[in-house]
Amino acid sequence: MTNEQLKNRTKAFSLRILELIEIMPNSISSRVVINQLAKSGTSVGANYRAVCRARSDKEFVAKLNIVLEEADECQFWLEIIQEMNWIKQASDLDLILKEASELVAIFVSTLKTVNNRINNK
């Protein structure tokens with residue numbers, strides 16, 4: 001997958017998170033989760049753009065670790081939403097959870113590859 005494709009994919013993920021937030025119920029506890037999910041969900045796409053501008057492998061790794069943390073945090077908040085049964089259309093939530101999981105896997109794999117390259121120099 002190219003950087004451009006992953007930029008588009010992470011941006012689409014951010015948009016899907018925002019769409020999900022719009023259909024969330026309005027309660028004290030859901031608002032806390034909504035705020036956290038909005039921040040982490042939009043950070044995935046925004047911070048991935050910064051990864052693409054990294055000037056060195058070490059900077060790339062540092063920035064991609066931030067993206068990984070944000071994607072993993074999204075996965076956590078999505079699991080909370082799922083377990084609280086806040087979304088009636090479970091298939092929508094399942095798709096976003098699947099995408100979060102795939103993005104985490106992509107970032108972990110990329111980090112392993114780049115760290116191996118750095119360590120073998």
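Residues numbered from 1 in each chain as written. Predicted model: local features only at pLDDT ≥ 70, side-chain atom pairs only at ≥ 80, totals over all residues. Heavy atoms only, no water.

K.L.:
Quick rundown of the overall build of the chain? Include the residues and the values.
P.N.:
The number of helices and strands found in the chain is four helices and zero strands. Moving toward the C terminus, one meets the helices and strands of the chain in the order α-α-α-α. Each principal axis of the C-alpha atoms in the chain carries an extent, and together these give about 50 × 20 × 20 Å. Sequence-distant contacts in the chain: of pairs separated by 6 or more residues, those separated by 24 or more amount to 74%. Accessible area for the chain stands at about 7200 Å²; split by element, carbon and sulfur atoms hold 51% of it. (Helix = DSSP H or I, 4+ residues; strand = E, 2+ residues; numbered from the N terminus. Contact = heavy atoms within 4.5 Å. Areas by Shrake-Rupley, 256 points an atom, 1.4 Å probe, with all protein chains shown as cover.)

K.L.:
Mind laying out the packing of helix H3 (residues 57–84) against helix H4 (residues 90–119), listing which residues take part and the relevant values?
P.N.:
H4 packs onto H3 with a crossing angle of 155° between their chain directions and a minimal axis gap of 9 Å. By the angle class used here, H3 and H4 are roughly antiparallel. Between H3 and H4 lies a crossing whose hand is left-handed. Its residues placed into classes, the contact of H3 with H4 shows 18 nonpolar, six polar and six charged. (Axes fitted to C-alpha atoms, helices over the stretch in contact; angles between N-to-C directions. Parallel < 35°, antiparallel > 145°, perpendicular 65-115°, else oblique. Left-handed = near helix turned anticlockwise from the far one by under 90°. Nonpolar A, V, L, I, M, F, W, Y, C, P; charged D, E, K, R; others polar.)

K.L.:
Please set out the state of the cysteines residue by residue, giving values where relevant.
P.N.:
With the rule as written, the count across this model stands at zero disulfides. The thiol of Cys-52 is unpaired, and the distance to the nearest cysteine sulfur, on Cys-74, comes to 18 Å. (Disulfide = S-S within 2.5 Å.)

K.L.:
Which residues make up H4, and what values do they have?
P.N.:
An α-helical turn contains 3.6 residues, so a residue and the one three or four places further along point in the same direction. With 30 residues, H4 extends 43 Å between its outermost C-alpha atoms, agreeing within 8% with the 44 Å of an ideal straight helix rising 1.5 Å per residue. The complete set of buried residues in H4 reads Leu-93, Ile-96, Leu-97, Glu-99, Ala-100, Leu-103, Val-104, Phe-107, Leu-111, Val-114 and Ile-118. (Expected span 1.5 Å × (residues − 1). Buried < 20%, exposed > 50% of the residue type's maximum accessible area, 1.4 Å probe, protein only.)

K.L.:
If you had to explain helix H2 (residues 28–52) to someone new, which residues and values would you point to?
P.N.:
Compared with the 36 Å implied by 1.5 Å per residue over 25 residues, the 37 Å span of H2 between its first and last C-alpha is a close match. At Val-44, H2 shows its strongest bend, of approximately 35°. Regarding H2, the residues found buried are Ser-30, Val-33, Ile-34, Leu-37, Ser-40, Gly-41, Ser-43, Val-44, Gly-45, Tyr-48, Ala-50 and Val-51. On its buried side, H2 packs onto helix H1 (3–22), H3 and H4. (Bend = angle between axes of the 7 residues up to and from the residue.)

K.L.:
Before we move on, could you go through a negative patch on the surface and cite the residues and values that matter?
P.N.:
Taken together, the side chains of Glu-69, Asp-72, Glu-79 and Glu-83 make up a negatively charged region of the molecular surface. Mapped onto the fold, Glu-83 is located in helix H3. On the basis of relative accessible area, Glu-83 is assigned to the exposed category, the value being 63%. (Patch = residues over 30% accessible without salt bridge, like charges linked within 9 Å, V, L, I, M, F, W, Y side chains within 5 Å. Salt bridge = Lys/Arg side-chain N within 4 Å of Asp/Glu carboxyl O. Lys, Arg positive; Asp, Glu negative; His and termini not counted. Charge placed at Lys NZ, Arg CZ, Asp CG, Glu CD.)

K.L.:
Which residues make up the packing of H1 against H4, and what values do they have?
P.N.:
The contact between H1 and H4 brings their axes to 11 Å, and the two run at 145°. As H1 runs across H4, the sense of the crossing is left-handed. Side by side, H1 and H4 meet where Leu-6, Arg-9, Thr-10, Phe-13, Arg-16, Ile-17 and Leu-20 of the first sit next to Leu-93, Leu-95, Ile-96, Glu-99, Ala-100, Glu-102, Leu-103, Ile-106 and Phe-107 of the second. By residue class, the composition of the contact of H1 with H4 is 11 nonpolar, one polar and four charged.

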